[in-house]
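# Report on the structure
Below, each chain spelled out in residue letters.
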Amino acid sequence: MAPEREMIRRISPFALPVAIGAFALGTLIDGTDAGWSAAIAIAVVYLNFVAHGSSLALAASISPTVLYAVGLGGFLVRLGVIVAVIALLQQTDWFSIVAFIAALVPSTVALLVVEMKLLSGRMQADLWTD
């Protein structure tokens, strides 16, 4: 199995419980609108992670050049999607940008820490099979 898909498999069971926790915390702090905004942020982080891992796994199976292009270009595309989601949600009356960002930033950092821990001591290239 591609290491990127293995990472997705290992992280996926935590997405829903973390989203529920973000909803509960947001709701406790500032009402259900903030709860939904925080839960959506968790979904955005998770879907961004899945898109990143899946696209890298596919690109790695094609060639190193495609992998490089997807790694760089994919980052910009995914960042653009996050900005578009925020812009669309800000058109609604219920969306809380504060709750969204308050959930998005720490969950992204936590996800990066987990990724580093899972890959610690192993080079990414060592994980790929030809």
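Relevant structure appears above.
The residue numbering used here restarts from 1 in each chain and proceeds along that chain's sequence as written. For this predicted model, a pLDDT threshold of at least 70 governs which residues receive local features, and a threshold of 80 or more governs which side-chain atom pairs are given and counted, while totals over whole chains, interfaces and linings are taken from all residues. Side-chain descriptors were evaluated using all non-hydrogen atoms of the structure, hydrogens and water having been removed beforehand.

## Concerning helix α4 (residues 97-119)
Working note: α-helix, 3.6 residues per turn, so residues spaced by three or four point in the same direction. Taking 1.5 Å per residue, 23 residues should reach 33 Å; α4 reaches 32 Å between its end C-alpha atoms and fits that length. Within α4, burial applies to A99, F100, A103, L104, S107, L111 and E115. By definition, residues are in contact when any of their heavy atoms lie within 4.5 Å. Only DSSP runs of H or I covering at least 4 residues are called helices, and only runs of E covering at least 2 are called strands; the numbering of each starts at the N terminus. Elements that come into contact with the buried residues of α4 comprise α1 (3-30), α2 (32-60) and α3 (64-89). The length a helix should cover is 1.5 Å for every residue beyond the first. Between buried and exposed lies partly exposed: a residue is buried under 20% and exposed over 50% of the maximum accessible area for its type, with that area taken using a 1.4 Å probe on protein chains only.

## Some thoughts on the pattern of salt bridges
Note on definitions: salt bridges are taken to be side-chain nitrogens of Lys or Arg within 4 Å of carboxyl oxygens of Asp or Glu. This structure, assessed with the given rule, holds 2 salt bridges. Between E6 and R9 there is a salt bridge, with its nearest N and O atoms 2.5 Å apart. Taken together, the residues span about one helical turn, with E6 and R9 both in helix α1 at a distance of 3 residues. Its relative accessible area of 24% is what places E6 among the partly exposed residues. Of the charged contacts, one joins R10 and E6 as a salt bridge, the two residues approaching to 3.7 Å between their closest N and O atoms. Taken as a pair, R10 and E6 lie in helix α1 at a separation of 4 residues, close to a single helical turn.

## Section: the packing of aromatic side chains
Between the rings of Phe, Tyr and Trp (Trp by its six-membered ring), a pair exists once the centres lie within 6.5 Å; its type follows the angle of the planes, with under 30 degrees stacked, over 60 edge-to-face, and the other angles tilted. Under the criterion given, the structure shown has 3 aromatic pairs. Ring plane angle 85° and centroid distance 6.2 Å describe the contact between W94 and F95, whose orientation is recorded as edge-to-face. Residue classification places W94 among the partly exposed positions, given a relative accessible area of 31%. Residue F95 is classed as buried on the basis of its relative accessible area of 11%. Pairwise contacts between aromatic rings join W94, F95 and F100 into one cluster.

## A few points about the packing of α2 against α3
Axes here refer to lines fitted to C-alpha atoms; in helices the fit is confined to the stretch in contact. Angles between the N-to-C directions go from 0 to 180 degrees. For the pair α2 and α3, interaxial distance at closest approach is 10 Å and the crossing angle is 160°. As the angle between them shows, α2 and α3 are arranged roughly antiparallel. Considering the relative orientation of α2 and α3, their crossing is right-handed. Each of I40, V44, N48, A51, H52, S55, L56, A59 and A60 in α2 lies in contact with α3, whose residues at this interface are V66, L67, V70, G71, R78, I82, V85 and L89. Note on residue classes: Ala, Val, Leu, Ile, Met, Phe, Trp, Tyr, Cys and Pro are nonpolar, Asp, Glu, Lys and Arg are charged, and everything else, Gly too, is polar. Split by residue class, the contact of α2 with α3 holds 12 nonpolar, 4 polar and 1 charged. The scheme is simple: roughly parallel for angles under 35 degrees, roughly antiparallel for over 145, roughly perpendicular for 65 to 115, oblique for anything else. It is the rotation of the near helix from the far one that decides the hand of a crossing: anticlockwise by less than a right angle makes it left-handed, clockwise makes it right-handed.

## A short note on the packing of α1 against α4
Their axes nearest at 11 Å, the elements α1 and α4 cross at an angle of 125°. In terms of axis orientation, α1 runs oblique to α4. The handedness of the crossing between α1 and α4 is right-handed. Together, M7, R10 and I11 of α1 and L111, V114, E115, L118 and L119 of α4 make up the contact between the two elements. Partitioned by chemical class, the residues of the contact of α1 with α4 number 6 nonpolar, no polar and 2 charged.

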